[in-house]
Amino acid sequence: MSAEPTLLELLNARVGAALAAAGCPDAPAIVQPAGRPEFGDYQANGIMAAAKARKMNPRQLASEVAAKLDLAGIADKLEIAGPGFINITLSSDYLAARAQAALTSATLAVPQPPQQTVVIDYSAPNLAKEMHVGHLRSTIIGDALARVLRFLGHTVIAQNHVGDWGTQFGMLTAYLIEAEQAGGELDLNDLEGFYRRAKQRFDDDDAFADRARDTVVRLQGGDAQIHALWQRFLDISMSHCEEVYATLGVLLTRADLKGESAYNAMLPGIVSDLQAKGMAVESDGAQVVFLDEFKGKDGEAAAYIVQKQDGGYLYATTDLAAVRHRASELKAQRALYVVDARQSLHFQQMFTVARKAGYAPAEMSLEHVGFGVMLGEDGKPFKTRSGGTVKLAELLDEAITRAFALVGEKNPDLPEAQRHEIARAVGIGAVKYADLSKNRMSDYVFNWDTMLAFEGNTAPYLQYAYTRIAGIERRAEGAIDANAPIVLHDEAERTLALELARFADAVHAVARETQPHLLCIYLYQLAGQFMRFYEACPVLKSEGTVRASRLQLCRLTSATLRSGLGLLGITTLETM
Ligand code: ARG
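Residues numbered from 1 in each chain as written. Predicted model: local features only at pLDDT ≥ 70, side-chain atom pairs only at ≥ 80, totals over all residues. Heavy atoms only, no water.

Draft legend 1. Summary view of the overall build of the chain. What the chain contains, in helices and strands, is 20 helices and 13 strands. Principal-axis analysis of the C-alpha atoms gives the chain an extent of 85 × 70 × 40 Å. Of all 576 residues assigned to the chain, the portion counted as buried reaches 53%. Accessible surface, the chain: about 25,500 Å² in total, of which carbon and sulfur atoms supply 51%. Charged side chains of the chain number 57 positive and 70 negative; the gap between the two group centres comes to 4 Å. (Helix = DSSP H or I, 4+ residues; strand = E, 2+ residues; numbered from the N terminus. Buried < 20%, exposed > 50% of the residue type's maximum accessible area, 1.4 Å probe, protein only. Areas by Shrake-Rupley, 256 points an atom, 1.4 Å probe, with all protein chains shown as cover. Lys, Arg positive; Asp, Glu negative; His and termini not counted. Charge placed at Lys NZ, Arg CZ, Asp CG, Glu CD.)

Okay, structure coming up:
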């Protein structure tokens with residue numbers, strides 16, 4: 001069953017069909033938004049390549065394709081341009097009809113692609129410590145992708161692959177026992193301090209270090225008492241995370257929690273299975289899968305270690321158990337790993353092992369959704385003034401505090417409670433948007449002033465644009481006819497309607513390419529087109545059907561901004 005197409009998919013299909021009819025059945029149409037108004041709205045760019053492959057004159061092929069191109073009711077102008085492009089100008093009636101359809105649809109007429117079950121592995125902090133800025137990117141990129149994929153009708157299974165297992169936890173649990181025996185007050189509110197003190201003990205006192213190691217063994221061996229203490233530690237640590245999630249407004253819950261420990265029982269089976277398949281072999285006492293696909297400079301195959309000399313298992317082993325679980329139990333057709341780009345090699349190797357071992361079937365898509373580092377003003381990884389790691393909770397508090405001051409300057413007369421609400425939306429929105437609006441693979445400089453600016457490609461700018469449009473609608477109250485026909489007379493009306501028609505393609509692109517910044521670019525352009533429209537076309541001062549139609553464009557623009565920002569996890573407000 002083929003799903004309903006987006007505008008771009010439709011144009012590509014039609015031009016593709018015309019190319020086929022002109023004798024080039026497999027040539028891609030490559031329809032793209034036209035870069036300039038004089039090129040029309042869309043441009044078919046695939047014809048030159050098709051002509052070259054068949055040793056045809058590209059302009060002649062372009063005119064043949066144009067003659068066979070069926071865009072009746074969609075485009076009203078086709079133009080052969082340059083060495084063999086076809087410039088497509090959509091009909092205003094068609095754009096108006098699309099806008100009309102979007103207005104009456106709960107999903108803004110965004111078509112749903114074929115449905116998939118998608119696992120998204122994101123956030124995944126190490127529970128030994130408090131969440132720090134290093135966890136911000138995975139958490140908000142993952143959350144945006146989860147929202148976009150759900151919006152498109154996919155079944156999204158979030159998996160919070162937290163670090164909750166291994167030697168660190170033996171150390172922490174041993175310290176917990178010791179602290180309790182000493183009868184002192186346990187301050188687990190300050191997890192960071194607790195970790196530091198435990199580590200200090202571990203480094204300074206050999207007897208404690210031995211007890212810590214023994215605790216790991218007992219924990220992994222299933223000792224009930226140790227297990228209960230470890231669980232208590234995790235609960236507290238997890239509730240710290242949940243506070244951060246609540247502040248951020250991300251959708252993760254306990255039900256999404258599937259930490260490393262959850263796979264512990266499966267690890268021996270993974271290793272024996274890899275051995276049975278002839279993939280894991282002994283090397284210096286460890287169990288290793290050698291991967292010819294990843295040869296080092298020395299020409300040696302890369303070693304993917306699945307069991308250490310001492311019998312312990314690794315992050316790498318756990319990830320194999322997890323991918324197997326995601327394929328066979330969760331029935332994922334696509335698995336996204338929203339993890340720091342520095343783990344890229346690990347994931348490429350893990351995917352290779354998983355495929356070879358049959359844990360992930362060939363038709364299941366495995367994607368490492370990597371991202372770069374958050375940098376400070378000095379261009380180095382983001383740190384506190386004294387060089388420590390920045391706690392996420394503190395960073396978010398600062399965002400809200402700064403936003404509160406800005407709101408106070410802009411709108412001192414609003415009641416304080418309302419200013420607080422706006423500050424939360426703006427502060428958190430600014431932090432998220434600053435991150436999501438960059439290509440995720442690049443590092444970016446974290447800068448309060450740019451992200452909180454009310455001008456430029458920022459959350460406050462878009463939130464404010466939304467509020468302004470909502471204000472226009474409010475002032476027209478009573479006079480809004482939700483069924484009024486949209487008619488596009490003015491060029492600025494038409495350009496706005498064209499931009500509105502592109503929403504579905506932006507959302508689909510985010511889902512396909514796992515690049516939230518594509519939606520940010522779109523929303524920023526949409527807000528810009530709206531401002532141009534608003535300058536050129538009076539809304540409230542116009543009359544009759546023109547006014548009603550323009551109000552409809554306002555309504556669709558605000559709904560699109562609200563929906564689009566919502567997909568990024570950013571709140572919009574009626575007043576700010
Ligand atoms: N806890 C890991 C870290 O902080 C991230 C886990 C990512 N997910 C995974 N399946 N490996 O680096």
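Draft legend 2. Region of the structure containing the site of the ligand. Neighbouring the ligand are Asp121, Ala124, His161, Tyr315, Asp319, Tyr337, Val339, Gln343 and Phe347. Separating a nitrogen atom of the ligand from a backbone N or O atom of alanine 124 is a distance of 2.9 Å. Here a nitrogen atom of the ligand sits 2.7 Å away from a polar atom, N or O, in the side chain of tyrosine 315. Its free accessible area being 350 Å², the ligand has 83% of it covered by the protein chains. Partitioned by chemical class, the residues of the shell around the ligand number 5 nonpolar, 2 polar and 2 charged. (Near = heavy atom within 4 Å. Polar contact = N/O pair within 3.5 Å; in protein donor to acceptor, adjacent residues only side chain to side chain. Nonpolar A, V, L, I, M, F, W, Y, C, P; charged D, E, K, R; others polar.)

Draft legend 3. Inspection of the pattern of salt bridges at higher detail. If you walk through the whole model with that rule in mind, you get 25 salt bridges. Across the salt bridge formed by glutamate 130 and lysine 391, the nearest N and O atoms sit 3.7 Å from each other. Taken together, the positions of glutamate 130 in the loop between strand 5 (117-121) and helix 5 (136-151) and lysine 391 in the loop between strand 12 (374-375) and helix 13 (392-410) put the pair 261 residues apart, joining distant regions of the chain. You'll find glutamate 130 and lysine 391 in the same group, each marked buried. Among the ionic pairs, arginine 211 bridges to glutamate 178, the shortest N-O distance being 2.7 Å. Linking arginine 211 in helix 8 (residues 206-220) with glutamate 178 in helix 6 (residues 167-181), this pair joins segments that are 33 residues apart in sequence. One salt-bridge network, held together by shared partners, links Glu178, Arg201, Asp205 and Arg211. (Salt bridge = Lys/Arg side-chain N within 4 Å of Asp/Glu carboxyl O.)

Draft legend 4. Just the state of the cysteines, in detail. Counted by the stated rule, this structure contains 0 disulfides. The cysteine cysteine 537 is free of any disulfide, with cysteine 554 supplying the nearest cysteine sulfur at 9.8 Å. (Disulfide = S-S within 2.5 Å.)

Draft legend 5. Looking closely at helix 13. Its 19 residues place the ends of helix 13 27 Å apart at the C-alpha level, agreeing with the 27 Å of an ideal helix rising 1.5 Å per residue. What helix 13 keeps buried is the set Leu392, Leu395, Leu396, Ala399, Ile400, Ala403 and Val407. Burial along helix 13 is one-sided: seen end-on, the buried residues are contained in an arc of 135°. Of the residues in helix 13, the exposed ones pointing more than 90 degrees away from the buried face are Thr401 and Glu409. (Expected span 1.5 Å × (residues − 1). Arc of directions from axis to C-beta.)

Draft legend 6. Geometry of helix 18 (residues 503-513). Among the 11 residues in helix 18, 9 count as buried, and that is most of the element. Turning to helix 18, its buried residues number three or more, namely Phe503, Ala504, Asp505, Ala506, Val507, His508, Ala509, Val510 and Ala511. On its buried face, helix 18 is in contact with helix 1 (7-21), helix 5, strand 10 (334-338), helix 17 (491-501), helix 19 (517-536) and helix 20 (544-567). Phi turns positive, to about 45°, at threonine 514, one or two residues after helix 18. (Contact = heavy atoms within 4.5 Å.)

Draft legend 7. Local environment of the pairing of strand 3 (residues 75-81). Here 6 bridges tie strand 3 to strand 4 (residues 85-90), and the two strands are oriented antiparallel to one another. Within strand 4, the residue paired with lysine 77 across the bridge is threonine 89. A loop of 3 residues connects strand 3 with strand 4, the two strands running antiparallel in sequence, and glycine 82 in this loop sits at a positive phi of about 50°. (Pairing = 2+ DSSP bridges.)

Draft legend 8. Structural view of the sheet that holds strand 10. Across the sheet, 4 strands lie side by side as 6-5-10-11; this open sheet has parallel pairing. Either end of the sheet is taken by a strand with one partner, and the two such strands are strand 6 (155-159) and strand 11 (365-369). If you compare each strand with its neighbour and ignore which way they point, the axes differ by 20° on average. Packed onto the sheet, helix 5 meets strand 5, strand 6, strand 10 and strand 11 and runs at close to 155° relative to strand 10. (Axes fitted to C-alpha atoms, helices over the stretch in contact; angles between N-to-C directions.)

Draft legend 9. How the structure looks around the sheet that holds strand 7 (residues 280-283). Across the sheet, which stays open at both edges, the 3 strands sit in the order 7-8-9 with antiparallel pairing between neighbours. On the outer flanks of this sheet lie strand 7 and strand 9 (301-307), each paired with one strand and no other. Averaged over neighbouring strand pairs, the angle between their axes works out to 50° when direction is ignored. Pairing of strand 7 with strand 8 (residues 286-295), which is carried by 4 bridges, proceeds in the antiparallel orientation. By the bridge assignment, serine 283 is partnered in strand 8 with alanine 286.

Draft legend 10. Representation of the environment of arginine 326 in the model. With respect to the helices and strands, arginine 326 occurs in helix 11 (residues 315-328). By relative accessible area, arginine 326 is classed as buried at 0%. Put simply, arginine 326 and valine 118 are 208 residues apart on the chain and 9.3 Å apart in space, counted from C-alpha to C-alpha. Among all residues touching arginine 326, those that are not within four sequence positions of it are Val119, Asp121, Gln159, His161, Tyr263, Lys331, Ala332, Tyr337 and Met364.

Draft legend 11. Region of interest: unusual backbone geometry. Even without being a glycine, isoleucine 30 presents a positive backbone phi close to 50°. Within the secondary structure layout, isoleucine 30 lies in the loop between helix 1 and strand 1 (31-33). Residues other than glycine seldom take positive phi values, yet lysine 331 does so here, at roughly 55°. Given a relative accessible area of 56%, lysine 331 falls into the exposed group.

Draft legend 12. Quick peek at the environment of glycine 388. Within the element layout of this structure, glycine 388 appears in the loop between strand 12 and helix 13. Separated by 15 residues in the primary sequence, glycine 388 and alanine 403 have C-alpha atoms spaced 24 Å apart.

Draft legend 13. Structural view of the pairing of strand 6. Pairing of strand 5 with strand 6 involves 5 bridges; the strand directions are parallel. The residue bridging valine 118 from the neighbouring strand is valine 156, located in strand 6. Taken together, strand 5, helix 5 and strand 6 form a β-α-β motif whose crossover is right-handed. (Right-handed = clockwise from strand over helix to strand, strands pointing away.)

Draft legend 14. Representation of the packing of aromatic side chains within the structure. Applying the stated criterion across every chain, the model contains 15 aromatic pairs. Plain terms: the ring middles of phenylalanine 382 and phenylalanine 446 are 4.8 Å apart, the flat faces sit at 55° to each other, and that makes the pair tilted. Pair noted here: phenylalanine 382 is in the loop between strand 12 and helix 13 and phenylalanine 446 is in the loop between strand 13 (444-445) and helix 15 (448-451), with a separation of 64 residues, a long-range link. Taking the relative accessible area as the measure of exposure, phenylalanine 382 reaches 15% and is therefore buried. When the ring of tyrosine 461 is compared with that of tyrosine 524, the centres are 5.6 Å apart and the planes differ by 70°; the resulting orientation is edge-to-face. With tyrosine 461 in helix 16 (residues 459-475) and tyrosine 524 in helix 19, this residue pair connects regions lying 63 residues apart in the sequence. Note on tyrosine 461: relative accessible area 16%, which makes it buried. (Phe/Tyr/Trp six-rings, centres within 6.5 Å; stacked < 30°, edge-to-face > 60°.)

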